[in-house]
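Read off the chains here:
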Amino acid sequence: MSEEILTTQDLHLYYGEKEALKGINLNFDAKGITALIGPSGCGKSTYLRTLNRMNDLIPNVTITGTIKFKGENLYAPNADTVEIRKEIGMVFQQPNPFPFSIYDNVIYGLRIAGEKDKEKLDAVVEKSLRQAAVWDEVKDHLHESALALSGGQQQRVCIARVLAVSPEIILLDEPTSALDPVSSSQIEATLLNLRHDYTIIIVTHNLQQASRIADRTAFFMNGELVEVDQTKNIFMNPAKKQTEDYISGRFG
Amino acid sequence: MDSKKQNKIAIGTLYGIAGLVVLILLALLGYILASGLPQLSWHFLTAPAKAFLKGGGVGVQLFNSFYLLILAMAISFPIALGAAIYLYEYARDNWITTTIRTAIEILSSLPSVVVGLFGFLFFVVKLRLGFSILSGAFALTFFNLPLLTRSIEDSLRTIDLEQREGGLALGLSRWETITRVILPAAVPSILTGVILSAGRVFGEAAALIYTAGQSAPALNFADWNPFNISSPLNPMRPAETLAVHIWKINSEGIMPDAKAISSGSSAVLIIAILLFNFAARYVGKRLYKRLTSA
Ligand SMILES: Nc1ncnc2c1ncn2[C@@H]1O[C@H](COP(=O)(O)OP(=O)(O)OP(=O)(O)O)[C@@H](O)[C@H]1O
Ligand SMILES: [Mg+2]
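Note that the structure is a prediction, hence the values are computed from the model and not measured.

## Regarding the UniProt feature "domain: ABC transporter" (unreviewed entry) in chain A
Then, in step 1: Here the UniProt feature "domain: ABC transporter" (unreviewed entry) sits at residues 6–247 of chain A.
Then, in step 2: Between the end C-alpha atoms of residues 6–247 of chain A there is a gap of 26 Å, over a span that is 38% helix and 27% strand.

Have a look at this one:
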């Protein structure tokens, strides 16, 4: 039985007047993959971005409720967003490598944090790229631009970049929706490799993908969490009618 | 008339207009270079000007132009960079930023004569800087600041929001994201903007006539102590630039070879500005390649 690493209680989020999240209660155990699914515009990305305070960047956002990471309130007045994001990393829909070399991309977080030891940095680069299952493809041109890689490789380098700062939680917002099927399945394999060591929360529109990789699945609709359960229960035996309708493709 | 034909006529007209513009430009360039190039020589580029006799050069003016340019850039670049970062990366849209933006718009559309006369009243007279390089550099800063701020802001705008989110999501602070991710990525385009604005500053005359002055006392190029009056580096000496020199020769030049000197100076000015423009493209491209493929 693992302990809960991240908890959300009665989370509301407003964009101006508009209520995008209407009281979400959802907890995450340490380790394993949770998929967030639901129709477009239901608030999946919004929810995901509250978990590492990325919504702070958007003006006029109001958030109520509590999110706790290891018992600490993420939205406490003295919470340090920089530290939070080191613990809770994020991978985006569009691969967004920095316009530097592959090597520099991976160590960027560490180098800015002040790490100078060349051997240590080399080791981290190799380890992170291996974990992200892209090492063999890039090891011979680590010092070339990350922009020259394919979209799928770029995305895995972005995953490696997050791994290099050793977060506990990795958030991914539709990380494969801009990629071809082969690259997508490579990313899936990567995530399956990581699920024993990290808490992974992934938003996806691809229900097959959720059923292939997620231990748990949460179904959102209209800013509410409809249901969360073991993935096979959600897909084989959902408790709610709305979930069943969505899974069987009746809407969304 | 069918739409295909209309399309053809429209495209033809546009080509015609574009061609005409290019033609006028080439004719101007050709005329200036054809009448100016024969005047150029090492002597012309290095010798001091002569007021009454023939055979003067533009050495001092050329040096003044570059010195003023460097000073003006050294003052305006840090301010413009700071302003652009504040406006684009930090400021939210409210009445303060709207006011600043409007002020920048207005400043950038002020005729440079007005900037020059303001510089005369404020720096030369009020602050008692006199006709000096410093007065000129301040006036050029006023002239340059709004344009440079806008150009740096545009450079920052070309960097995707995803890059900023990527930096923040790694646990970099806002400032670290800007200085370590956004600025390096924007350097090539910022530099292109800086060099292009250098070209504009280099060719500016109206803002300098009443600030840096219209006289070019002979310089002692062996004396680099900025406190000596004949030192090239002295920022308190009056300093006629190349562009002002051209204006002055044409309005009141009394040397017998005024026409030739004016043509030669114009050619030098045009070549310098063309070089700035080519350098901007070349350096921008090279730097982007260097930075993005380590
Ligand atoms: N910056 C914003 N300002 C105002 N409203 C927003 C903003 N971002 C999202 N919304 C609104 O909030 C709701 C939830 O959006 P969100 O992006 O979280 O949905 P999503 O489930 O991720 O959708 P998708 O599957 O299309 O990515 C939508 O109605 C959207 O229009
Ligand atoms: Mg989304």
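## Focus: the side chain of Ser132(B)
Residues and elements named next belong to chain B.
Then, in step 1: Positionally, Ser 132 belongs in the loop between helix 5 (112–126) and helix 6 (133–157).
Then, in step 2: A distance of 3.1 Å separates a polar side-chain atom of Ser 132 from the backbone oxygen of Leu 129.
Then, in step 3: Leaving out residues up to four positions away in the same chain, Ser 132 has contacts with Thr 211, Ala 212, Pro 235, Met 236, Arg 237 and Pro 238.

## Side note on the site of ligand 1
Residue and element names in this part refer to chain A.
Then, in step 1: If you check the shell around ligand 1, you find 13 residues, and the closest are Lys 18, Ser 40, Ser 45, Thr 46 and His 205.
Then, in step 2: In this structure, an oxygen atom belonging to ligand 1 sits 2.7 Å away from a side-chain N or O atom of Lys 18.
Then, in step 3: With respect to ligand 1, the side chain of Glu 174 contributes an N or O atom lying 3.3 Å from an oxygen atom.
Then, in step 4: Among the secondary structure elements, those contributing two or more residues to the shell around ligand 1 are strand 2 (18–29) and helix 1 (44–50).
Then, in step 5: Of the residues assigned to the shell around ligand 1, the class counts are four nonpolar, six polar and three charged.

## Considering the sheet that holds strand 4 (residues 61–69) of chain A
Residues and elements named next belong to chain A.
Then, in step 1: Strand order in the open sheet made by the four strands is 2-1-4-5, with antiparallel pairing throughout. In this open sheet, the two edge strands, each paired with only one partner strand, are strand 2 and strand 5 (72–73).
Then, in step 2: Judged from the nine bridges that link them, strand 1 (residues 4–15) and strand 2 form a sheet pairing that is antiparallel. Across the sheet, residue Thr 7 finds its bridge partner in strand 2, namely Asn 27.

## Details of the sheet that holds strand 8 (residues 199–203) of chain A
Residues and elements named next belong to chain A.
Then, in step 1: The mixed open sheet is built from six strands, whose spatial order is 6-7-8-3-9-10. The two strands at the open ends of the sheet, each matched to only one other strand, are strand 6 (88–91) and strand 10 (224–230). Taking the axes of each pair of neighbouring strands and ignoring which way they run, one obtains an average angle of 20° across the sheet.
Then, in step 2: In this sheet, strand 8 lies alongside strand 7 (residues 169–173) in parallel orientation, the contact comprising five bridges. Note that in strand 8 the partner of Leu 172 across the bridge is Ile 202.
Then, in step 3: This element, helix 6 (residues 151–164), spans strand 6 and strand 7 of the sheet and lies at about 170° to strand 6.

## Let's talk about the interface of chain B and chain A
Then, in step 1: Tallying the contact residues gives 22 residues for chain B and 30 residues for chain A.
Then, in step 2: Summing both sides of the interface, chain B and chain A together bury roughly 2200 Å²; the carbon and sulfur share of this comes to 64%.
Then, in step 3: Inspection of the chain B/chain A interface yields one salt bridge.
Then, in step 4: Of the charged contacts, one joins Glu165(B) and Arg49(A) as a salt bridge, the two residues approaching to 2.8 Å between their closest N and O atoms.
Then, in step 5: Across the contact surface, chain B and chain A share four residue pairs in polar contact (both at pLDDT 80 or more).
Then, in step 6: Among the elements that take part in the side of chain B that touches chain A, helix 7 (residues 161–169) of chain B stands out by supplying seven residues, more than any other.

Conventions adopted
- Residues numbered from 1 in each chain as written.
- Chains lettered and ligands numbered in written order.
- Predicted model: local features only at pLDDT ≥ 70, side-chain atom pairs only at ≥ 80, totals over all residues.
- Heavy atoms only, no water.
- UniProt positions renumbered as here; feature names shortened; annotations may be inferred.
- Helix = DSSP H or I, 4+ residues; strand = E, 2+ residues; numbered from the N terminus.
- Polar contact = N/O pair within 3.5 Å; in protein donor to acceptor, adjacent residues only side chain to side chain.
- Contact = heavy atoms within 4.5 Å.
- Near = heavy atom within 4 Å.
- Nonpolar A, V, L, I, M, F, W, Y, C, P; charged D, E, K, R; others polar.
- Pairing = 2+ DSSP bridges.
- Axes fitted to C-alpha atoms, helices over the stretch in contact; angles between N-to-C directions.
- Buried area = accessible area lost by both parts, 1.4 Å probe.
- Salt bridge = Lys/Arg side-chain N within 4 Å of Asp/Glu carboxyl O.

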